[in-house]
Amino acid sequence: MLWWVEASYSRVVILVCAVVTVVQGADPWGVRCTPTQICAVKGSKVQIRCSYRHPSRIDGHDVAVEKMFWFTKVQDGEPVDLRSASEYTGRVKYDCGNKACTLTITDLRHSDSDVYQFRFITNQPTGSLTGSAGVSLSVTGVQVLTTKISACKTYDCSWSRVECQTSCSPTPSPSYIWYKNGQKTSGEKSDTAYFYSAESISCAVRGHEDFPSAPVCVDGNSCNRVNYMDRNICAFKGSSVDISCSYSSHSDPITSKSWFVAEREDVQLHRPQAVDLLKDPEFTHRVQVLDSWRGRSTLTIKNLRLSDSAQYRFTFKSQRFEWDRSFPGTTLTVTDVQVICSPIGPTLTCHSSCLLSGRPSFVWYKNGTEIHGETSPTFRGFLQPENSYSCAYEHHHSSPVYAPKVPLVQLSQPGDILKDSSVSLTCSSDANPPPAYTWYKENQALLNRAAQLVFRSIPLSDSGEYYCTAENELGKTASKRVLINVKYAPQSSSVSVSPSGEIMEGSSVTLTCSSDANPAANYTWYKENRALLQGPEGVYRLSSISSGDSGVYSCKSENQYGRINSTSLHLDVQYAPKPPSVSVSPSGEIMEGSSVTLTCSSDANPAANYTWYKEDEDSPTASGQIFTITNITAKHGGKYQCEARNTHGRSKATLHLTVGAGKSVIIMHIIWVTLVVVLVPVLVWTLWTRMKKTLSLKSEVNEAVEMKESDNCPVYENFAAAAQTEDTDDYENL
């Protein structure tokens, strides 16, 4: 049964299938549309919705929907997708998902009245279905129906009922706008009121005020009114168009009349409101107004431009009346022939909003040369990206369409790109229709889909190769790659040593200065602030390092954008002890009983530990760099050995210590003999001298005593006592 549905597209067959589906009640295939009849107002939009179902698996294979579309016509046995029909171009939209699809048609026209059907196709050979009955759409306009109830008794008027009628009942029920003498008023669908014989009445559905009914006289056939011959006119760019209306005044003669362009909210025409087109500089030498007969005016516009698309209105003035300028007029659409690339595949459609009734004839061109045999609005030949395609309708040619040419990428600024600066890349490609752009970095697509890729403050991580692709419905091309090389001053300089760990004297050592910079930095090496080496490598090699190479090293990294100093690195060269140097203090011959200090020193890194040994003794005599012997004796004499040791090795040195024991005794005897020989004569002489002095003093004292006795003088007593005391002292000293 499913294969039979696929093979036939007639509505009769589909209806039969639908009946079978209902009878059996278990068919997993089906399309259901609600509602099945829709009435919509001209100029509005409508939505038609259908849901569908299908089995999940057929013959062990999963079923998936590959294509869904709406159609009203069948051409060569195939339904014609509405999106590829020129009369619907730009006015239809599909919204499909969750096993349902909604068709939206905007700017409805009377010609859109038709039966719309939905079809879906799956990945299985027999897996496609079309909705049976479809949805019937009726597009309606409005008109005013008047009913005179009674005449007024004193004035030229009538008591009448007016009603705004449509050919079908729109859903939902709309509200209405009324125009009295061209002036907008509010009201219901029907109204009953007093109307004067000079008044005209018109109505429109609210929201679609540009499509009012023709004004009618409520009482009689003579009233103030303007009636446009066409509400919509379509014309080709560069052609001429006539816009006509009829007008009448109830009784007074018309004093002036003019055509003007109605201001639109979505188009800024930059002209004074309601200016007479004959005085409008935009239409100089392009407009002409002709009254072919009384009560009919025709506006002719030549050499039409796309900007002439607007609504044109007519107004007139009499001695006591002026037709209101708010009454909608004729909407002019100026268009050109276009080639539309269908989104449903590599299909081109020759489109114009100004297609004539009947079966139009089209001409197709490839690279400017006519393609014979192609006269339909749809070109289904093989499209080659290197070619351009165009069409013509009624001798009006479209612009050619073609795949994007190789895009060109331009950098916003010449020269170096510095870190944190503002940079932009612009991708441009000649293509029609205009292409969509995609940016890539190192073959990875970026989120940016605009023609310009902007870096507000470019970081280092954005360095790399960039390119863009330009793509439209006819093809895709890629640009050449552009390198963004972000330049910056040296960053975070550091020094490292190889090999790591302990550095032994005589080994090979390499110091490396590292710095992130663009362009690469030049390096200068320092040891204790003394420049050593300068160059681009950033490497300082010590092939056979010595202890003299120990110290603090650093480097400076610099390029034309800045410089930076590294942290310091202390290089510690280690080595075994050198041959020790030993010394004795005091120097010279060491005698018994004295003290002596032995000192041992050796150049080593790390510092050496010292041990003293005496010959013929197994145990160390002492440890430490200094060895002191007090109260030395002859047994301390002999050979002493100093051993300097660290983790990397040892070294020894020997000295001979001689103790002179005999010499000290001889020296002491000499000293005693010298003392006896020298001091005894001195003592004898000193004693003799003092005794001689004492005897002389006693003689003087005796003489004095004798004089005292004779003179009885007390001085003698004092003198004698003093002499006696002095004798006693001299005796004790001796």
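The notes below deal with the structure included here. Worth saying up front: this structure is predicted, and the values here are computed from it rather than measured. The residue numbers shown here count from 1 along each chain, following its written sequence. Since the coordinates come from a predicted model, pLDDT governs what is reported: local features require at least 70, and pairs of side-chain atoms require 80 or more to be given and counted, while whole-chain, interface and lining totals use all residues. As a convention, hydrogens and water are excluded, and side-chain values are obtained from all of the structure's heavy atoms.

As a further point, take the overall build of the protein. Along the protein, the regular secondary structure elements total four helices and 64 strands. A simple rule labels every residue: compare its accessible area, found with a 1.4 Å probe on the protein chains alone, to the largest value its type can have, and call it buried under 20%, exposed over 50%, or partly exposed in between. When each of the 734 residues of the protein is scored for burial, the buried share is 41%. Pairs of residues are marked as contacts when any of their non-hydrogen atoms sit within 4.5 Å. Sequence separation of at least 24 residues holds for 60% of the intrachain contacts in the protein that already meet a minimum separation of 6. The accessible surface values rely on the Shrake-Rupley method and a 1.4 Å probe; as for residues, cover is taken only from the protein chains in view. In the structure as shown, the protein presents an accessible area of about 40,800 Å², 51% of it carried by carbon and sulfur atoms. Numbering goes from the N terminus for both helices and strands, where a helix is a DSSP run of H or I of at least four residues and a strand is a run of E of at least two.

Another aspect to go through is the pairing of strand β31 (residues 362-366). Sheet topology places β31 next to strand β34 (residues 388-393); five bridges connect them, and they run antiparallel. Its bridge partner lying in β34, Val363 is registered against Ala392. A pair of strands counts as paired when DSSP detects no fewer than two bridges linking them. Across three bridges, β31 lies against strand β32 (residues 369-371) in antiparallel orientation. Its bridge partner being in β32, Tyr365 is matched across the sheet by Glu370.

The next thing to look at is the pairing of strand β48 (residues 509-518). Bridge analysis of strand β46 (residues 486-498) against β48 gives seven bridges, and the strand direction is antiparallel. Across the sheet, residue Ser498 finds its bridge partner in β48, namely Thr510.

This part covers the environment of Ser190. Assignment of secondary structure puts Ser190 in strand β18 (residues 190-196). Overall, the relative accessible area of 29% leaves Ser190 in the partly exposed class. When the C-alpha atoms of Ser190 and Cys164 are compared, they prove to be 6.2 Å apart, with 26 residues separating the residues in sequence. When sequence neighbours within four positions are dropped, the list of residues in contact with Ser190 reads Arg161, Val162, Glu163 and Trp178.

For the rest of this paragraph, the subject is the state of the cysteines. The disulfide criterion is simple: two cysteine sulfur atoms within 2.5 Å. Applying the stated criterion across every chain yields a total of nine disulfides. Between Cys96 and Cys101 runs a disulfide, and the two sulfur atoms are separated by 1.9 Å. The exposure class of Cys96 is partly exposed, given its relative accessible area of 31%.

Attention shifts here to the nonpolar core. Throughout, nonpolar core names a set of buried Ala, Val, Leu, Ile, Met, Phe, Trp, Tyr and Cys residues whose side chains join them through atoms within 4.5 Å. Val31, Trp70, Leu103, Ile105, Tyr116, Phe118 and Leu137 are the most contacted members of the largest nonpolar core, which totals 30 residues. Among the elements of the structure, β1 (30-34), β2 (37-41), β3 (46-53), β6 (65-71), β9 (92-97), β10 (100-105), β11 (114-122) and β13 (135-140) are those that each provide at least two residues to this core. A total of four residues in this core trace back to one element, the largest contributor, which is β3. Listed in part, the 28 residues of the second largest apolar core include Ile233, Trp259, Phe321 and Val334.

Only rings of Phe, Tyr and Trp enter the pairing, Trp through its six-membered ring, and a pair is recorded when the two centres are within 6.5 Å. The plane angle decides the type: under 30 degrees is stacked, over 60 is edge-to-face, the rest tilted. Enumeration according to the criterion identifies 26 aromatic pairs in this entry. Ring geometry for Trp70 against Phe118: centres 5.3 Å apart, planes inclined by 55 degrees, an arrangement best described as tilted. Taken as a pair, Trp70 in strand β6 and Phe118 in strand β11 lie far apart in primary sequence, 48 residues in all. For the pair Trp70 and Phe118, one class covers both residues: buried. With a centroid separation of 5.7 Å and an interplanar angle of 75 degrees, the aromatic rings of Phe455 and Tyr466 are classed as edge-to-face. Residue Phe455 is found in strand β42 (residues 452-455), and its partner Tyr466 is found in strand β43 (residues 464-472); the two are separated by eleven residues along the sequence.

The values reported here are purely geometric and, on their own, carry no functional implication.
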